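What the coordinates show
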Amino acid sequence: MARREAIAAAGALLVAAWVFREATALPFGSLRQPGPGFAPRWAAVTLAGLSVLLLVQALRALPSTGSGPPPAPEARGGGLRVAGLVLALAFYVVALVPVGYPICTFLLVLFMRRPTTRRALLPALVLAAAAAAGSYLLFAVWLRVPLPPGPFAG
Amino acid sequence: MEILSLLGGGFAVALTPTNLMYCFLGSLIGTAIGVLPGLGPPATIALLLPVTYGLAPTSAVILLAGIFYGAMYGGSTTSILLKIPGEAASVVTCLDGYQMARQGRAGAALAISAIGSFVAGTVSVVGLMLLAPPLATFALRFGAPEYCALLVLGLLMVGYLGGGSMTKGLMMAVLGLLLGMVGLDPIVGSPRFTLGVFKLSEGFEFVLVAMGLFGIGEVLANVAHAVPPAVLKTRIQGLLASREEWRRAGPPLARGSLLGFLIGVLPGGGAVISSFVSYALEKRLSRHPEQFGKGAVEGVAGPEAANNAAATSSFVPLLTLGIPGNASIALIFAALLIHGVRPGPLLVTERPEVFWGLIASMYIGNLVLLVLNLPLIRLWVKLLEVPYPLLAPFIVVFVLVGAYSVNNSVFDVGTTVAFGALGYLLRKLDFEPAPLVLAMILGPQLEAALRRSLIYSRGDLMVFIERPIAASLLALAALMLLAPLFRWLLQRRVREMAAAGSPPPD
């Protein structure tokens, strides 16, 4: 835990440094007339201060906790599954307009059902088709959300 | 007596078949959009605004108000069942409501939420009716320094929401502040942190960030586990709250109703701030603060009562001063103007049928919402019996469509996915995302209030000390910030005395 906190604090410190650098490009103004860079610089300094505090707390806790407990057994391989789903979602975003909502949703639901449960293909296909068609009917047809139709246009 | 006679006139207007139908329709649509993430009250009111052009002004405002407070009611449902806040004010409900659902108490959480919302909504309507003019006068005394102080206090409370480490909670709050700064500067309008992306000049849409962090983030966290979460395997124990749960929920409901009403009256206050202030208050008052975030009844009852009370009382500045306090109320303000009705001090005398008709419709709307929502609890709870691997794709599809429907933009879907990945990362690192989301809403308001205060006082920081309301609020904030230090000093003293063999102080 302490090790992860130290990593998080270091990451937040980097974010604070980046924000401060970006904020220096904005006019700071003065106390009488604060500019657009006024609040971001103060926020960046506060974040940096809090990050240092967390880092110190984590480093002080490190010797007693060592490198922390090993990851829980159910978490093994979980990172890959998460990365796979994030990639699938990224593909969904890119393909949504050119390919259309029904097909993208069908593929996404199929992807989410197949590798995680190893169920037979047919129920997964039926579920994916039902999810894509059902949600399209609900949102695009009934609620009139202009979802990209893809080849189903017109 | 005069008020009762005027209210009677209001009921005569609200109980006509047409207005009754619009009240029911507004409550129903509001509940539905509260349940559906993405389609928030402002978006729905904006969509339905043209539909009201053909209606009488009273019918139009009854319909739109019903949508607004109906959404507050419905917003808690997905927060409790799926940890997806249907709208901003329900973010806090996710913390304990979802944990109650995981422990098989979804029915109890929904019942407390529904009845708490009814009680708070009704209390708030009575307050609106009786106290509108004097409270609006008090709210007029809030200038930029008072708002700045109120928001500083709010932000510290947001940091406190993190549950575990205050440092982590405050870090999330500052990150939320920074995210709220993306887009155009609130005073001079120059772009900040847009990375050259035009869409970012509008800033991050709050609802997208919330849906990503909570909705997608939760699914990713569950996907990471080989075994699906136990939430949906837990036996559901009863559909209504037990006597013990009602006993625990009572005082938070009362406090939440009062707090929500008072905060809702302040322009810019509203349901979101009231819900997390109520949560922080209940946690402070609780004998078991460690249960908060793990399914504490008080963590559902207080915020739910507060956000519903605030939704109703936010009509006070609109109806008596003509000041809309939030986006939804601003749209209702626009609707009234379109119909030739000018909200303000003269509304009560010039258009009593609109003022009292609306108030009477709120009594009816609250009853309609209770009748609508209590029977639906059984249906909502059934949702939990669906196996998670089957439910997860639907949650994702629901969130993605919700994200798209905000602005009909693929960029928004991408933003939601990116924040989903961030939400997963934050969970892995044991950071609570709620303070980030809430600070993101408060951030722009705080910055604007701070800069206006400094411009107004010509850079004199004494403006925050010389004004009694601002000074009191800042003193409260300082006490809150220093409380952990006092606690640490006290604990050290107790340890030292124990080591020296003398009895510890009381």
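Note that the structure is a prediction, hence the values are computed from the model and not measured.

1. Here's the deal with the overall build of chain B
In terms of regular secondary structure, chain B is built from 21 helices and 2 strands. Taking all contacts inside chain B whose residues are at least 6 apart in sequence as the whole, residues at least 24 apart take part in 79%. Accessible surface for chain B amounts to roughly 18800 Å². Of this, 69% is attributable to carbon and sulfur atoms.

2. Regarding the overall build of chain A
If you tally the helices and strands in chain A, you get 5 helices and 0 strands. Shown N-terminal to C-terminal, the secondary structure of chain A runs as helices and strands in the order α-α-α-α-α. Counting over 154 residues, chain A shows a buried share of 36%. The contacts of chain A with a sequence gap of at least 6 include a subset with a gap of at least 24, amounting to 51%.

3. Considerations on the pattern of salt bridges
All names here are of chain B. Per the stated rule, a full pass over the model turns up 15 salt bridges over all chains. Two residues, Lys168 and Asp430, come together in a salt bridge whose shortest N-O distance is 3.7 Å. With Lys168 in helix H8 (residues 166-180) and Asp430 in the loop between helix H18 (410-428) and helix H19 (434-456), the pair connects residues that are 262 residues apart, well separated along the chain. Among the residues examined, Lys168 registers a relative accessible area of 5% and is labelled buried. Close ionic contact of Arg451 with Asp185 constitutes a salt bridge, the shortest N to O distance being 2.3 Å. Taken as a pair, Arg451 in helix H19 and Asp185 in the loop between strand E1 (183-184) and strand E2 (191-192) lie far apart in primary sequence, 266 residues in all. The structure contains a network of salt bridges with shared partners spanning Asp185, Arg192, Glu447 and Arg451.

4. A word on a nonpolar patch on the surface
A cluster of nonpolar side chains, B:Leu476, B:Leu479, B:Leu481, B:Leu482, B:Leu485, B:Phe486, B:Trp488 and B:Leu489, forms an exposed patch at the surface whose accessible area comes to about 760 Å². Examined against the element boundaries, B:Phe486 turns out to sit in helix H21 (residues 468-500).

5. Comments concerning the confidence of the model for chain A
Taken over all residues, the pLDDT of chain A has a mean of 84, while the share at 70 or more is 84%. Within chain A, helix H1 (residues 2-23) of chain A carries the highest mean pLDDT (92), whereas helix H4 (residues 101-117) of chain A carries the lowest (83).

6. Looking at the packing of aromatic side chains
Residue and element names in this part refer to chain B. Tallying each qualifying case throughout the model produces 9 aromatic pairs over all chains. On the numbers, 5.4 Å between centres and 80° between planes, the contact of Tyr279 with Phe292 is edge-to-face. Remark: Phe292 occurs in the loop between helix H11 (270-285) and helix H12 (298-313) and Tyr279 occurs in helix H11; sequence separation between them is 13 residues. Its relative accessible area of 7% is what places Phe292 among the buried residues. Sitting above the plane of the Phe431 ring, Lys168 keeps its charged end 5.1 Å from the centroid.

7. A short note on the domain arrangement of chain A
When its domains are assigned, chain A resolves into domain 1 (2-61) and domain 2 (78-142). The C-alpha-based centres of domain 1 of chain A and domain 2 of chain A are spaced at 39 Å.

8. Notes on the packing of helix H9 (residues 206-223) of chain B against H19(B)
The angle between the axes and the distance between the axes are what describe a pair of packed helices. Residues and elements named next belong to chain B. Relative to each other, H9 and H19 sit at 180°, their axes nearing to 10 Å. In terms of their interaxial angle, H9 and H19 are classed as roughly antiparallel. For the pair formed by H9 and H19, the contact residues are Phe206, Val209, Ala210, Leu213 and Phe214 on the first element and Ala434, Leu436, Val437, Met440 and Ile441 on the second. Tallied by class, the residues present in the contact of H9 with H19 amount to 10 nonpolar, no polar and no charged.

9. Remarks on the nonpolar core
Within the largest apolar cluster, 143 residues are counted, with the highest numbers of intra-cluster contacts made by A:Leu147, B:Val219 and B:Leu400. If you count residues domain by domain, this core takes at least three from each of domain 1 (2-61) and domain 2 (78-142) of chain A. The contact partners of B:Val219, leaving out residues within four places of it in the chain, are A:Leu85, A:Met112, B:Tyr388, B:Ala392, B:Ile395 and B:Val396. By size, the runner-up hydrophobic cluster in this structure holds 54 residues, among which are B:Leu64, B:Tyr69, B:Leu128 and B:Ala335.

10. Some thoughts on the side chain of B:Ser27
Checked against the element boundaries, B:Ser27 lands in helix H2 (residues 17-35). Setting aside anything within four residues of it in sequence, one finds B:Ser27 in contact with B:Gly66, B:Tyr69, B:Gly70, B:Gly365, B:Val368, B:Leu369 and B:Leu372.

11. Here we look at the interface of chain B and chain A
Residue-level contacts link 53 residues of chain B with 57 residues of chain A. Summing both partners gives a buried area of about 4700 Å² for chain B against chain A, and 82% of it is carried by carbon and sulfur. It is B:Met171, B:Phe193 and B:Val401 that lose the most area in chain B upon contact with chain A, and together they represent 12% of the buried surface on that side. Inspection of the region where chain B meets chain A yields 1 salt bridge. Per-element tally for the side of chain B that touches chain A: the top contributor is helix H17 (residues 388-407) of chain B, with 12 residues. Residue composition of the side of chain B that touches chain A, by class: 38 nonpolar, 7 polar and 8 charged.

12. A closer look at the packing of helix H4 (residues 57-82) of chain B against helix H5 (residues 91-102) of chain B
Residue and element names in this part refer to chain B. Remark: H4 packs on H5, axes separated minimally by 6 Å, with the N-to-C direction vectors making an angle of 55°. Between H4 and H5, the angle is such that the two are oblique. When the axes of H4 and H5 are compared, the crossing they make is right-handed. Contacts from Ser76, Ser79, Ile80, Leu81 and Leu82 of H4 reach H5 at Thr93, Cys94, Gly97, Tyr98 and Ala101. Here the contact of H4 with H5 is built from residues that sort into 6 nonpolar, 4 polar and no charged.

Analysis parameters
Residues numbered from 1 in each chain as written. Chains lettered and ligands numbered in written order. Predicted model: local features only at pLDDT ≥ 70, side-chain atom pairs only at ≥ 80, totals over all residues. Heavy atoms only, no water. Helix = DSSP H or I, 4+ residues; strand = E, 2+ residues; numbered from the N terminus. Contact = heavy atoms within 4.5 Å. Areas by Shrake-Rupley, 256 points an atom, 1.4 Å probe, with all protein chains shown as cover. Buried < 20%, exposed > 50% of the residue type's maximum accessible area, 1.4 Å probe, protein only. Salt bridge = Lys/Arg side-chain N within 4 Å of Asp/Glu carboxyl O. Patch = residues over 30% accessible without salt bridge, like charges linked within 9 Å, V, L, I, M, F, W, Y side chains within 5 Å. pLDDT = per-residue confidence, 0-100. Phe/Tyr/Trp six-rings, centres within 6.5 Å; stacked < 30°, edge-to-face > 60°. Lys NZ or Arg CZ within 6 Å of the ring centre and 35° of its normal. Domains from an automatic or database assignment. Axes fitted to C-alpha atoms, helices over the stretch in contact; angles between N-to-C directions. Parallel < 35°, antiparallel > 145°, perpendicular 65-115°, else oblique. Nonpolar A, V, L, I, M, F, W, Y, C, P; charged D, E, K, R; others polar. Core = buried A, V, L, I, M, F, W, Y, C linked by side-chain atoms within 4.5 Å. Buried area = accessible area lost by both parts, 1.4 Å probe. Left-handed = near helix turned anticlockwise from the far one by under 90°.

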